[in-house]
Amino acid sequence: MFLSIFDIFKVGIGPSSSHTNGPMIAASMFLQSLKTASDLSLDTRSISRITCTLHGSLAFTGKGHSTDKAILYGMAGLTPENFDPDRIVKIKNELSQNDYISVNGFSSVRFCPESDIIFDYGPALKQHANGMIFRVFDADGNLCGSKTFFSIGGGFVKSELELGITKEALNSKEIPYPFSTAEEMIQLASANNISISKMKKDNELVFITQDELNTGITKIWADMKKSIQDGLHTDGILPGGLKLRRRAKALYKSLNSEKGLNSTAPHVVNDWIALYAMAVNEENAAGGKIVTAPTNGAAGVIPATLMYYLEHVPNSDPNKIHDFLLTAAAIGGILKSNASISGAEVGCQGEVGSAAAMAAAGLCSVLGGSAAQIENAAEIALEHHLGMTCDPIKGLVQAPCIERNGLGAIKAVSAASLALRGDGIHLVSLDACIKTMFETGKDMMVKYKETSQGGLAVNVIEC
Ligand code: SF4
């Protein structure tokens, strides 16, 4: 299945791609399907009430991840793309005056989040850990129809029907360099004497123009950079009840004050890398705008690694930003097609581990790595995240998530550097590593997969 760079990198609202952006998108897709009533065979004039039941990880960590707010905002017509803080103020005013809002496009339908969003703490739906069922009722309380959606990670949403469609059926247009595994990617690069970023670019150009591609990638980096800058200049306490202080601003000040000092140890560059990632993830935790890369929870790793390249590597070249992001997106597509980038499905190895693999590949590429070295860089970064669980304290994407992105970026830089010192020949292939990540994730106990029922989430006493 071809995944565009713009599927992998999308504007997202914090704190979670699968638990905030996905549900908001699902609510909007559901309303759209109601309007067309295409697969619900429903007389829309008879609708009186809509409910949304959250299942699995969406129920267990939904409050901490603002899933309920996301559903409410989706019902009001918001999506991550058209998200507008002024509309949020209006929604909150409407809610405080009544205990409901009018559903977008269905002004006679009142949506009351208290009673119409239902957290089902029973077993997850069998198809996926992040399921939600929207139901519509008539004025007499009779169920008129329902539709099930799954938020499958990275802000991707599928209906029950789409989830069952095979990868082959989704392949549509022919692309010049079709690769869905790392092995195919290296073979194509070698057979055509072409870089991974150029192959990815040529594939993208089947669907959009050169101008659209350039403008889109430039915007991705501008949005990533803005989220770093916003994070570096904001302090205070993060929302949600953990009373966690934002640290990026103070750390930035401290690192700046040491700039140029002879006594500064070389490893301090790691603090800069972590700082950039933490700045993004603090923005995400505060509900700010970030770029999913490939998810919200792991949004800091790629921007931090690219910022490290631009700010700290001698003779870095801003003209290579597009190569970095295209290469990272190529690896992201392979990861998404063969495993998962969802913490609820495979644990944090699939989120921060995937982001680190993508970032390592991007950095290796702009530092002059061959296709084999790039594959090796991604593999090293992913291999050393294998087994990592997802256990956010209080269901908030704060601890361990914020610091974890910093360490993920540091690992990405080391992985790229190690790969560049080799010749690309290595024992564990990226494909084997991805397969292992997926299998390990499937075998992982549910309590370690974004349910906040295990790990740090139960062993750290909240104050
Ligand atoms: S622990 Fe990792 S996978 Fe889980 S919410 Fe945090 S960043 Fe995402």
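The preceding data block contains the structure.
Just so it is clear, the model here is predicted, and its values are computed rather than measured.

Undergrad: Any details on the packing of aromatic side chains? Residues and values, ideally.
TA: Working definition: an aromatic ring pair is given by the centre-to-centre distance plus the angle between the planes. This structure, assessed with the given rule, holds eight aromatic pairs. An angle of 15° between the planes, with centres 4.8 Å apart, marks the rings of Phe 2 and Phe 207 as stacked. Remark: Phe 207 occurs in the loop between helix 10 (196–204) and helix 11 (210–232) and Phe 2 occurs in the segment before helix 1 (5–8); sequence separation between them is 205 residues. Each ring, one from Trp 272 and one from Tyr 276, has its centre 6.0 Å from the other, and the planes form 40°; the classification is tilted. Of this pair, Trp 272 and Tyr 276 both sit in helix 13 (residues 268–285), four residues apart, which is roughly one turn of that helix.

Undergrad: Outline the sheet that holds strand 2 (residues 49–54), supporting the account with residue identities and numerical values.
TA: Spatial ordering of the open sheet is given by 5-2-6-7-8, a layout of five strands whose pairing is mixed. Only two strands of the sheet have a single neighbouring strand rather than two, namely strand 5 (117–119) and strand 8 (156–159). Going from strand to strand, the sheet's axes swing by 25° on average, the running direction of each strand aside. Bridge count between strand 2 and strand 5: three bridges; the pairing is parallel. Across the sheet, Cys 52 pairs through a bridge with Ile 117, a residue of strand 5. Taken strand by strand, helix 2 (residues 17–36) contacts strand 2, strand 6 (131–137), strand 7 (143–153) and strand 8, and its axis lies near 145° from that of strand 7.

Undergrad: Tell me about the site of the ligand, residues and numbers included.
TA: Looking at the ligand, the residues that line it are Gly 297, Cys 348, Glu 351, Cys 390, Asp 391, Cys 401, Arg 404 and Glu 450. Partitioning the shell around the ligand into residue classes produces three nonpolar, one polar and four charged.

Undergrad: Describe the side chain of Ser 16, naming the residues involved and giving the relevant values.
TA: Here Ser 16 is to be found in the loop between strand 1 (10–13) and helix 2. A distance of 2.9 Å separates the side chain of Ser 16 from the backbone nitrogen of His 19, its partner in a polar contact. If sequence neighbours within four positions are ignored, Ser 16 has contacts with Asn 21, His 65, Asn 284, Asn 296, Val 397 and Glu 450.

Undergrad: Give me the lowdown on the environment of Leu 261, citing residues and values where you can.
TA: When you line up the elements, Leu 261 lands in the loop between helix 12 (248–258) and helix 13. According to the relative accessible area criterion, Leu 261 is partly exposed, its value standing at 44%.

Criteria and cut-off values
Numbering of residues starts from 1 in each chain and follows the order in which that chain's sequence is written. Since the coordinates come from a predicted model, pLDDT governs what is reported: local features require at least 70, and pairs of side-chain atoms require 80 or more to be given and counted, while whole-chain, interface and lining totals use all residues. With hydrogens and water excluded, all non-hydrogen atoms of the structure serve as input to the side-chain values. In this scheme Phe, Tyr and Trp rings, the latter by its six-membered ring, pair at centre separations within 6.5 Å, and the angle between planes marks the pair as stacked below 30 degrees, edge-to-face above 60, and tilted otherwise. Here a helix means four or more residues in a row that DSSP labels H or I, a strand means two or more in a row labelled E, and each is numbered from the N terminus. What makes two strands pair is DSSP finding at least two bridges between them. Convention adopted: a line fitted to C-alpha atoms gives each axis, helices being fitted over their contacting stretch, and angles between N-to-C directions are expressed from 0 to 180 degrees. Contact between two residues is taken to exist if any of their heavy atoms lie within 4.5 Å; hydrogens are not considered. Near is defined per residue: the residue qualifies when any heavy atom it owns lies within 4 Å of the molecule or strand. For this scheme, ten residues count as nonpolar: Ala, Val, Leu, Ile, Met, Phe, Trp, Tyr, Cys and Pro. Four count as charged, namely Asp, Glu, Lys and Arg, and the remainder, Gly too, count as polar. Two N or O atoms count as a polar contact when they lie within 3.5 Å, although within protein this holds only if one can serve as hydrogen donor and the other as acceptor, and sequence-adjacent residues are included solely when both atoms are side-chain atoms. Any residue under 20% of the maximum accessible area for its type is buried, any over 50% is exposed, and the rest in between are partly exposed; the area is computed with a 1.4 Å probe on protein chains only.

Purely geometric stuff here, so don't read any function into it on its own.
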